[in-house]
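# Structure assessment
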Amino acid sequence: MNHTIVKNNQCIPVSSIPVLDYERFLEHNISFLREEHYHCVNFYGIQHKEKIKLICCIANDNDATINVSSSIVESKQTLPSFSQHHFSFHIFEREIHENFEINYTDHPWLKPLRFSFNRPNNNNTIANYPFLKIDSEELHEVGVGPIHAGIIEPGHFRFICNGEQILHLEIQLGFQHRGIETLFLEKKKLLQRTALAESIAGDTVTGHTTAFVNLWESLCNYKTEPDLQFARTIALELERIAIHTGDLSAMCTDVAYQLGSSVYGRLRTPVINYFQVWCGNRLAKGLIRPGKNNFSFNKILGDSLIKIFDEYEPDFNEISSMTFTLPTVLARFEKTGVLTPEHAASIGAVGMIARTSGINRDIRTSHPHDFYSTLHHQAIIKRHGDVYSRAQIRKEEILQSIKYIRELTKTIPEENKNRKPLNPPMPDSFAISLVEGWRGEICHCAITDEQGELMHYKVKDPSLHNWLGLALAVRNNEISDFPICNKSFDLSYCGHDL
Amino acid sequence: MFNNLKILYHQGKQYIPDITKATVPGVFRGRPIISSEKINENELIELCPTGAISSNPIRIDLGKCTFCGECAFTFPEKIQFTSDYKIAANERGQLVIKEGEDKLMVLNPDLIRNEISKYFSGSLKLRQVCAGGDGSNELELNACGNVNFDMGRFGIEFVASPRHADGIVITGPITENMAEPLQICYDAIPEPKLIILAGTDAISSGIFEGSAALNRNFLSKYKIDLFVPGNPIHPLTFVNGVLDLIKKR
Ligand code: SF4
């Protein structure tokens, strides 16, 4: 066997993951990606005594399985890259290169990724990132950031422009690096780890926390009760509605459509205030906990949520019918920042960004968790890959999520008042958890040691894949369209930097 | 035109008329009250994820608290979070709430420099710097200026350039990789200037405490004018805290 097969949220003995020699490991994993229904959900290295163990997880989107294999290599070794065969591996190999000084003979873009505090090569600092340089009399460079004009997270954008036209954009990240993966091991209390999961990306609290608790429960061999799964599903869809609405507001702001900006902005308020009514926090911090729920969902909460949607929907539809037909808005949205289906496929785009470039990729359909198998989710797909598609998918996903919540709240599972406590995690185990957050596919992986203590924790935010999509989409656009392109992608800096 | 007016009309009145008296919906976790009930203190101190609880007498440090609520769930008779969102302070020690205390938190006027109310009471322009913040405080700071909280009506605004700013609002635990940009930005703000720390991560590094990826040296160099606790901060906590700081005295 070249790989072992796991399901989403399944825990297996580490020893059941086949260890291949590197050549076979490479050949085997890239052979999957010749077919479209396979994509790489995680590929990373861990310290294995003096050596490095590489673990590759390839999802089969047709039958809800994940193929896991591994290989042991020397640190500082020079290897042929996966990226040469399928470009979507490029970002994972950059991370492996940064963390373990593994070199690749044929990687097209082997640059530092996030300047993590424990990188072996301290000569690389965030201040001396090797940007692509251009030697030309006609072209000029524009540098933006790390601190941006608005209240947003830091990152540096370096443009090479011909007049007003962007020829190339390079995005340098890492400013937000807080050492999250290491903290998962250092902080031993479960509540600390849950709080960490809540802080991976503050706009995706329910997404990352659900990934963590699902993973933790599978490590502990805990049978998650329906009421817990139900609350997580509602929370995920609510987060999608809230953030999408806020994004539509921000996109209107960026094209100077004041009415849309204000109306979408105020429509977000009742949704996040609902989180506060439910769990005491507008961004749902405190709501999702492993093996329990301090704020169980009940009929009263369900009714008040439906009432909010009854008021939300008419106002939302009214402003949307205006926004999506207004010539000044359309002129800025249509054919702006196009990510072609070919580019989206090659970078391994996930989530909304994949779906607006015609790729049917959605964990809710392909690897359903929590209540998604009962919802029979049909992903919304757009084909143009432009700002307009990214606005449209938000509008349609909001309405779809409202429909799902209306359906779900018709039968609310009874709260289990006699919950069994969590067992400690199983020793020598590997578990993987995939969640479709509002932005896209979140993947957490964990490995335990012989005592059942966490030995390795890996977090992947969808932004890791999608940042390059933004860089490609803005090529040949006016530099003045960069803000609206950036907002329409709305990628996470801290989710990438960890 | 007609449709625009119709949309406007359908929004009704969205702004909060009196921002100092607004109530928050639901089970908000604001200023805690600690009773004198006898409980297993070690268990209470142990359960807190950020070491915000200490003993003799039992105290909660809002600068460290992530407002997870776990202490109040486990010991409801001992700890109760009220919906009082006015929890900003201008002295680090004020953020420590002691057993038996139940009083409104106000800023210490002796620590407020004269020029603050002189220059900034009618207009305060702020530059925000996110230094490892997870984006949640940033969302809430943006919300401070939206149609509901509308902090612009008091002349408080976020601006793009530090050169236009009267002060800096820092979010996040301050990562090593942001230490230098933060310093450069602060240096570019003309005197006199304020420093506001927004959120538990900025005040104490919160759940990131002890991470080797942080560099918090900046904070030991300057006097902090306002601490705004929260995870994330509530817009009402921020707006009221800032109004209290800059009001005419
Ligand atoms: S609410 Fe604050 S004090 Fe209580 S356990 Fe959580 S972090 Fe600690």
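Parameters and conventions
Residues numbered from 1 in each chain as written. Chains lettered and ligands numbered in written order. Predicted model: local features only at pLDDT ≥ 70, side-chain atom pairs only at ≥ 80, totals over all residues. Heavy atoms only, no water. Helix = DSSP H or I, 4+ residues; strand = E, 2+ residues; numbered from the N terminus. Rg over C-alpha atoms; globule rule 2.2 N^0.38 Å. Buried < 20%, exposed > 50% of the residue type's maximum accessible area, 1.4 Å probe, protein only. Contact = heavy atoms within 4.5 Å. Buried area = accessible area lost by both parts, 1.4 Å probe. Salt bridge = Lys/Arg side-chain N within 4 Å of Asp/Glu carboxyl O. Polar contact = N/O pair within 3.5 Å; in protein donor to acceptor, adjacent residues only side chain to side chain. Near = heavy atom within 4 Å. Nonpolar A, V, L, I, M, F, W, Y, C, P; charged D, E, K, R; others polar. Patch = residues over 30% accessible without salt bridge, like charges linked within 9 Å, V, L, I, M, F, W, Y side chains within 5 Å. Areas by Shrake-Rupley, 256 points an atom, 1.4 Å probe, with all protein chains shown as cover. Domains from an automatic or database assignment. Phe/Tyr/Trp six-rings, centres within 6.5 Å; stacked < 30°, edge-to-face > 60°. Pairing = 2+ DSSP bridges. Axes fitted to C-alpha atoms, helices over the stretch in contact; angles between N-to-C directions. Expected span 1.5 Å × (residues − 1). 1 Å grid on protein atoms, 1.4 Å probe; cavity = no way out; pocket = protein on both sides within 12 Å on 5 of 7 lines; lining within 4 Å. Points joined across faces, edges and corners; volume = space filled by probe spheres on them. Core = buried A, V, L, I, M, F, W, Y, C linked by side-chain atoms within 4.5 Å. Right-handed = clockwise from strand over helix to strand, strands pointing away.

Looking only at helices and strands, one finds nine helices and ten strands in chain B. Taking 2.2 N^0.38 as the reference for a compact globule, 249 residues should give roughly 18 Å; the C-alpha atoms of chain B span a radius of gyration of 19 Å, in line with that estimate. Each principal axis of the C-alpha atoms in chain B carries an extent, and together these give about 65 × 45 × 35 Å. Taking all 249 residues of chain B together, the buried fraction comes to 59%. Long-range pairs, those at least 24 residues apart, make up 78% of the contacts in chain B with a sequence separation of at least 6.

Residues and elements named next belong to chain A. Along the chain, the position of Asp-490 falls in the loop between helix H16 (482–489) and helix H17 (493–497). Classification of Asp-490 as buried rests on a relative accessible area of 13%. Leave out the neighbours within four places in its chain, and Asp-490 touches Ile-243, Asp-247, Arg-394, Trp-438 and Arg-439.

What follows covers the interface of chain A and chain B. Each side of the interface is counted separately: chain A has 59 residues, and chain B has 60 residues. Approximately 4800 Å² of surface area, both sides summed, lies buried where chain A meets chain B, with 58% of it carried by carbon and sulfur atoms. When the buried area of chain A at its contact with chain B is split by residue, Ile-147, Ile-151 and Arg-178 of chain A rank highest and sum to 15% of it. Our enumeration of links across chain A and chain B arrives at four salt bridges. Here chain A and chain B share 27 residue pairs in polar contact (both at pLDDT 80 or more) between them. Looking at the side of chain A that touches chain B, the elements that each hand over two or more residues are helix H3 (180–186), helix H4 (190–198), helix H7 (258–279) and helix H8 (299–323) of chain A. Counting residues per element, the side of chain A that touches chain B draws most heavily on H7 of chain A, which supplies eleven residues.

Next up on the list: unusual backbone geometry. Cis rather than trans, the peptide bond between Gly-145 of chain A and Pro-146 of chain A has omega equal to 15 degrees. Summarising the element assignment, Pro-146 of chain A is placed in the loop between strand S9 (140–144) and strand S10 (156–162). Following Asn-231 of chain B, the chain continues into Pro-232 of chain B via a peptide bond in cis, with omega recorded as -5 degrees. One can find Pro-232 of chain B in the loop between strand S10 (226–228) and helix H9 (235–246). Although it is not a glycine, Asp-490 of chain A sits at a positive phi angle of roughly 40 degrees.

By nearness alone, 13 residues border the ligand, and Cys-48, Cys-65, Cys-68, Gly-69 and Cys-71 of chain B come closest of all. Taken together, the residues of the shell around the ligand sort by class into ten nonpolar, three polar and no charged.

A cluster of nonpolar side chains, Met-1, Phe-2, Leu-5 and Leu-8 of chain B, forms an exposed patch at the surface whose accessible area comes to about 510 Å². Counting through the fold element by element, Leu-8 of chain B comes out in helix H1 (residues 2–10).

This part takes up the domain arrangement of chain A. All names here are of chain A. Per the domain assignment, the segments making up chain A are domain 1 (1–113) and domain 2 (180–489). Every contact between the two is made by 36 residues of domain 1 and, on the other side, 31 residues of domain 2. Taking both partners together, domain 1 and domain 2 bury about 2600 Å²; carbon and sulfur atoms supply 64% of that area. Of all residues in domain 1, Asn-8, Asn-9 and Cys-11 bury the most surface against domain 2, accounting for 22% of the area lost on that side. If you look at where domain 1 meets domain 2, you find one salt bridge. In this structure, Glu-95 engages Lys-458 in a salt bridge whose closest nitrogen and oxygen atoms are separated by 3.2 Å.

All names here are of chain A. Within the structure shown, the criterion is met by 34 aromatic pairs over all chains. Between the aromatic rings of Phe-230 and Phe-371, the centroid separation amounts to 5.5 Å while the plane-to-plane angle is 80 degrees, which identifies the pairing as edge-to-face. One end of the pair, Phe-230, is in helix H6 (residues 226–254); the other, Phe-371, is in the loop between helix H12 (363–366) and helix H13 (372–375), and 141 residues separate them in sequence. A residue is classified by how much of its surface remains accessible, and Phe-371, at 16% relative accessible area, is buried. An aromatic cluster is defined as three or more aromatic residues linked by ring pairs; in this entry it consists of Tyr-22, Phe-25, Phe-43, Phe-82, Phe-89 and Phe-92.

Glancing now at the sheet that holds strand S14 (residues 454–460) of chain A. Residue and element names in this part refer to chain A. Taken together, the four strands give an open sheet; going across it, the order is S2-S12-S13-S14, and neighbouring strands pair in antiparallel fashion. The open sheet has two free edges, formed respectively by strand S2 (10–13) and S14, since each of these has just one partner strand. Across the sheet, the mean angle from the axis of one strand to that of its neighbour is 15 degrees, orientation sign disregarded.

Let us look at the sheet that holds S9 of chain A. Residues and elements named next belong to chain A. The strand order across the open sheet formed by three strands is S9-S10-S11, and the pairing between neighbours is antiparallel. Across the chains shown, the open sheet's two edge strands, defined by having one partner strand only, are S9 and strand S11 (165–172). For this sheet the average axis-to-axis angle between neighbouring strands, irrespective of direction, equals 20 degrees.

On to H6 of chain A, then. All names here are of chain A. End to end, H6 covers 42 Å across 29 residues, agreeing with the expected 42 Å (1.5 Å per residue, within 8%). With 25 of its 29 residues buried, H6 lies for the most part within the structure. Positive phi shows up at Ala-256, right after H6, with a value of about 60 degrees.

Overall, the coordinates contain seven cavities of 30 Å³ or more when judged by the stated rule. Space inside the largest cavity adds up to approximately 150 Å³. For the largest cavity, the lining is made up of 16 residues, of which Asn-281 of chain A together with Phe-28, Arg-29, Asn-231 and Pro-232 of chain B are closest to its centre. A per-class count over the lining of the largest cavity returns six nonpolar, seven polar and three charged.

Attention shifts here to the pattern of salt bridges. All names here are of chain A. The tally for this structure, following the rule as stated, stands at 48 salt bridges over all chains. A salt bridge links Lys-417 to Glu-415, with the nearest nitrogen and oxygen atoms 4.0 Å apart. Note on Glu-415: relative accessible area 29%, which makes it partly exposed.

Phe-184, Ile-234, Leu-238, Trp-278, Leu-287, Phe-333 and Leu-470 of chain A are the most contacted members of the largest nonpolar core, which has 106 residues in total. At twelve residues, the largest contribution of residues to this core is made by H6 of chain A. For Ile-234 of chain A, the residues in contact, after removing those within four places along its chain, are Trp-278, Phe-297, Leu-305, Ile-405, Leu-408 and Thr-409 of chain A. Among the nonpolar cores identified, the runner-up in size contains 47 residues, and Met-105, Val-129, Ile-168 and Ile-174 of chain B belong to it.

With that out of the way, let us pick up the pairing of strand S6 (residues 124–130) of chain B. Residues and elements named next belong to chain B. S6 sits mainly inside the fold: six of its seven residues count as buried. Relative to strand S7 (residues 156–158), S6 runs parallel, the two being bridged by three bridges. Along S7, the bridge assignment pairs Leu-124 with Ile-156. Once you follow S6 into helix H5 (residues 136–144) and on to S7, the crossover reads as right-handed. Pairing of S6 with strand S8 (residues 167–171) involves five bridges; the strand directions are parallel. Each bridged residue has a counterpart across the sheet, and for Val-129 the counterpart in S8 is Ile-170.

Right, let's get into the pairing of strand S5 (residues 51–60) of chain A. Residue and element names in this part refer to chain A. Most of S5 sits out of view: nine of its ten residues are buried. In this structure, strand S4 (residues 38–48) lies alongside S5, joined through ten bridges in antiparallel fashion. Across the sheet, His-39 pairs through a bridge with Ala-59, a residue of S5. Hairpin connection between S4 and S5: a loop of two residues separates the two successive antiparallel strands, and Lys-49 in this loop has a positive phi of roughly 50 degrees.

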